[in-house]
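# Geometric and topological summary
The primary structure of each chain is shown beneath.
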Amino acid sequence: MTLKTKFSIIFTTFLSIITLVALCSAALLMSSTTYAKDHDDYKENQMMLLALKSSQTSLDTVIATFKADYPSIVTEIELDEEDNILMYEIKGIDLEEGTRYKAHYALHNGEKISNYSKSLRFMGFNKLDDHDLAALETVKNQGISIQDAIALTNLPEGSYIESIELERKRGLTFYEVKSIGPSGSTKILIDAKSGEIVPSLRR
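Just so you know, these numbers come straight off a predicted model, no measurement behind them.

## Re the packing of aromatic side chains
Inspection of every chain in the model, using the stated rule, returns 2 aromatic pairs. Ring-pair connections join several aromatic residues into one group, and the members of that group are Phe66, Tyr70 and Tyr101.

This is how it looks when you write it as structure tokens:
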């Protein structure tokens, strides 16, 4: 074996070791990053659950308050956070008046924090797209309300609604429901006409 060949073998081996070390370091970094993200998500979920458990109001009460103030079809509810205050954001649409409503209620006591309304009509035309209009007509004429959909979720003890939204895709009108509980977050779909529940993914 010549000296040149020996050097070539040594150099190749050295490069292989360097590459292996780099790959191992990258794998460890990715693993650490994933663990940190999972840990942060878990911590956030636990804090959210604690806030929900200690709340002095209920989602049903908040929805009832919203509908009393803004007679409309409730289309979306989401737990939100602003300025370190957890709140329910509720959206609704009054088809007769052509108005969209949005209001925020404090999670801990149900107090209204803010509200907003906007006309959906412009020069006699409705600004809702066909999908939204079809979804609203389904709920109004033959579907189930968002309150009914929440009741159908039949959540286990210690679980709460994180968000629910009326959707229409591929000709189907449904509610997408995300819940949060001790074992994490779960998503299900509820047919807005039949009330049939379609299990989805656990996160």
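## Considerations on helix H2 (residues 59-69)
Burial in H2 covers these residues: Leu59, Val62, Ile63 and Phe66. Projected down its long axis, H2 carries its buried residues within an arc of 100°, all on one side. More than 90 degrees from the buried face of H2, the exposed residues found are Asp60 and Ala68. Contacts from the buried residues of H2 go to strand E1 (73-82), strand E2 (85-94), strand E3 (99-106), helix H4 (146-153) and strand E7 (160-169).

## Some details on the pattern of salt bridges
The full count for this structure, using the stated rule, is 4 salt bridges. Residues Glu89 and Lys91 are paired through a salt bridge, measuring 3.9 Å at the closest nitrogen-oxygen approach. A relative accessible area of 11% means that Glu89 is categorised as buried. We note a salt bridge from Lys140 to Glu96, for which the minimum N-O separation is 2.6 Å. Here Lys140 is found in helix H3 (residues 130-141), whereas its partner Glu96 is found in the loop between E2 and E3, with 44 residues between them in sequence. According to the relative accessible area criterion, Lys140 is partly exposed, its value standing at 43%.

## Looking at unusual backbone geometry
In the Ramachandran plot, Asp83 falls in the positive-phi region, its phi being about 55° despite a non-glycine side chain. One can find Asp83 in the loop between E1 and E2. Positive phi outside glycine occurs at Asn84, with the angle close to 65°.

## So, the layout of surface pockets
One water molecule sets the probe size; rolling that probe over the atoms shows where empty space is left. Considering only enclosed or pocket space, the largest pocket measures out at about 320 Å³ in volume. Ser58, Leu59, Asp60, Tyr160 and Ile161 are, among the 15 residues lining the largest pocket, the residues nearest its centre. Every element with two or more residues in the lining of the largest pocket is listed here: H2, H4 and E7. Of all the elements, H4 adds the most residues to the lining of the largest pocket, at 3 residues.

## Focus: the side chain of His104
Within the fold, His104 resides in strand E3. A polar atom in the side chain of His104 sits 2.9 Å from the side chain of Glu89. Sequence-distant contacts of His104, defined by excluding residues within four places in its chain, comprise Met87, Tyr88, Glu89, Glu111, Lys112, Ile113 and Ser114.

About the thresholds
- Residues numbered from 1 in each chain as written.
- Predicted model: local features only at pLDDT ≥ 70, side-chain atom pairs only at ≥ 80, totals over all residues.
- Heavy atoms only, no water.
- Phe/Tyr/Trp six-rings, centres within 6.5 Å; stacked < 30°, edge-to-face > 60°.
- Buried < 20%, exposed > 50% of the residue type's maximum accessible area, 1.4 Å probe, protein only.
- Helix = DSSP H or I, 4+ residues; strand = E, 2+ residues; numbered from the N terminus.
- Arc of directions from axis to C-beta.
- Contact = heavy atoms within 4.5 Å.
- Salt bridge = Lys/Arg side-chain N within 4 Å of Asp/Glu carboxyl O.
- 1 Å grid on protein atoms, 1.4 Å probe; cavity = no way out; pocket = protein on both sides within 12 Å on 5 of 7 lines; lining within 4 Å.
- Points joined across faces, edges and corners; volume = space filled by probe spheres on them.
- Polar contact = N/O pair within 3.5 Å; in protein donor to acceptor, adjacent residues only side chain to side chain.

Geometric descriptors of this kind do not, in isolation, establish any biological role.
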